[in-house]
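The primary structure of each chain is shown beneath.
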Amino acid sequence: MNRWLDDYRRDGYVVIRSAFPSSITDAARTAVGSGAIVVVDSAGERQELNVWTDCGDDLLGMIPRCDTVVDLAETLVGEPVSHWHSKISWKRPGSKGTWDWHQDYGFWIEEGCPRPAMTTVSIALDAQDPSNGCLRVIPGSHLAGDIDHPAVGAGRAADPTVVAGLIDEHGVVDLELAPGDLVAFHCRTLHGSGPNASERSRAILHCSYNAMSNEPSNPFFPGHRVRPIERVADDRLLGGRWASVDAASRFIPAAENGYVNEGYTVLDG
Ligand SMILES: O=C(O)CCC(=O)C(=O)O
């Protein structure tokens, strides 16, 4: 874990290859698209998501609670963590939607989380590369402090002038991932993604965590309050002992979604 921590502290992200087998990623993929909401980007294009805060004994509730993911999150944050939320972010083939450059903490600070003691562990469900709109990061941008996130076009994004300066300084890394690869990134790491210009799907499962000592004073959901994670042993997950695949009954609907509070336009899928 220490090498990952060194990379994470330096770059603001770390990639771990082949963290999950195809038995898990194939099963999780079957939930893609069901119950999705749509978040509108700066150009008015559509991004599809399923978001949940409460984790049950279905597959999508067990992955964010499993030892592999939670141990990594706790190592990177440096203390016990609470589940913040998880989401499947899906770009269907040919979809034009993008994720504008942003720091997650630029939004989460609005819920009153005192410190950037938050991280996201993302698991690729499909192969992803620039042609299908893979996640992109600006390495080292987590050290740039809190950047303003004004309204930009039809959405919100990190101040484009600051982003341009950081890209000049640090460049951009396209996170090319195979199914089952994992990337963890700091809540201040600038990230985004482009359109899916390919004929392939691009689905990724983002699991986000907050330090137990970092209670939000203005949570947008009851599910954002800190609470201990009821962990799931990796053996149970890898052995396929989940109740069902999909957390559809707990996917947060468009009208109640935190993206609304963040100033995004959110539509039913
Ligand atoms: O899935 C992506 O490409 C990025 C999603 C993202 O940054 C977000 O949901 O905040």
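Residues numbered from 1 in each chain as written. Predicted model: local features only at pLDDT ≥ 70, side-chain atom pairs only at ≥ 80, totals over all residues. Heavy atoms only, no water.

### Details of the pattern of salt bridges
Within this structure, the stated rule accounts for 17 salt bridges. With its nearest N and O atoms 3.6 Å apart, the salt bridge here joins D54 to R227. Taken together, the residues D54 in the loop between β3 (46-52) and α3 (59-62) and R227 in the loop between β13 (202-211) and α7 (234-238) connect sequence positions 173 residues apart. Owing to a relative accessible area of 39%, D54 belongs among the partly exposed residues under this scheme. A salt bridge links D129 to R200, with the nearest nitrogen and oxygen atoms 3.1 Å apart. Of the two residues, D129 sits in the loop between β6 (118-124) and β7 (135-137) while R200 sits in the loop between β12 (191-193) and β13, which places them 71 residues apart along the sequence. Ionic contacts of the salt-bridge type, sharing partners, join the residues D67, D71, E74 and R231 into one network. (Salt bridge = Lys/Arg side-chain N within 4 Å of Asp/Glu carboxyl O. Helix = DSSP H or I, 4+ residues; strand = E, 2+ residues; numbered from the N terminus. Buried < 20%, exposed > 50% of the residue type's maximum accessible area, 1.4 Å probe, protein only.)

### Side note on the nonpolar core
In this structure, I63, Y209 and L237 are the most contacted members of the largest nonpolar core, which totals 40 residues. Looking at this core element by element, the count peaks at 6 residues for helix α4 (residues 67-77). Counting 18 residues, the second largest nonpolar core, distinct from the first, contains V39, W84, F107 and I252. (Core = buried A, V, L, I, M, F, W, Y, C linked by side-chain atoms within 4.5 Å.)

### Considering the packing of aromatic side chains
Summed over all chains, the structure comprises 5 aromatic pairs. Centroid distance W52 to F251: 5.6 Å. Interplanar angle 50°. Geometry classified as tilted. Residue W52 is found in strand β3, and its partner F251 is found in the loop between α7 and α8 (258-261); the two are separated by 199 residues along the sequence. According to the relative accessible area criterion, F251 is buried, its value standing at 8%. (Phe/Tyr/Trp six-rings, centres within 6.5 Å; stacked < 30°, edge-to-face > 60°.)

### Quick word on the site of the ligand
Taken together, the neighbourhood of the ligand is formed by K87, S89, W99, H102, D104, L135, H191, S193, R202, I204, H206 and Y259. A distance of 3.0 Å is found between an oxygen atom of the ligand and a side-chain nitrogen or oxygen belonging to H191. The side chain of S193 places a nitrogen or oxygen atom 2.6 Å from an oxygen atom of the ligand. Protein coverage of the free-state accessible area of the ligand, which is 300 Å², stands at 96%. (Near = heavy atom within 4 Å. Polar contact = N/O pair within 3.5 Å; in protein donor to acceptor, adjacent residues only side chain to side chain. Areas by Shrake-Rupley, 256 points an atom, 1.4 Å probe, with all protein chains shown as cover.)

### Remarks on helix α6 (residues 160-170)
With a side-chain oxygen lying 2.9 Å from the backbone nitrogen of T161, the N-terminal cap of α6 falls on D159. Two residues or fewer after α6 comes G171, characterised by a positive phi angle close to 75°.

### Structural notes on the sheet that holds β12
Spatial ordering of the open sheet is given by β5-β12-β7-β10, a layout of 4 strands whose pairing is antiparallel. In the strand order of this sheet, the two ends are held by β5 (99-102) and β10 (173-174), each with one partner. One ladder, built from 3 bridges, connects β7 with β12; its direction is antiparallel. Across the sheet, V137 pairs through a bridge with H191, a residue of β12. (Pairing = 2+ DSSP bridges.)

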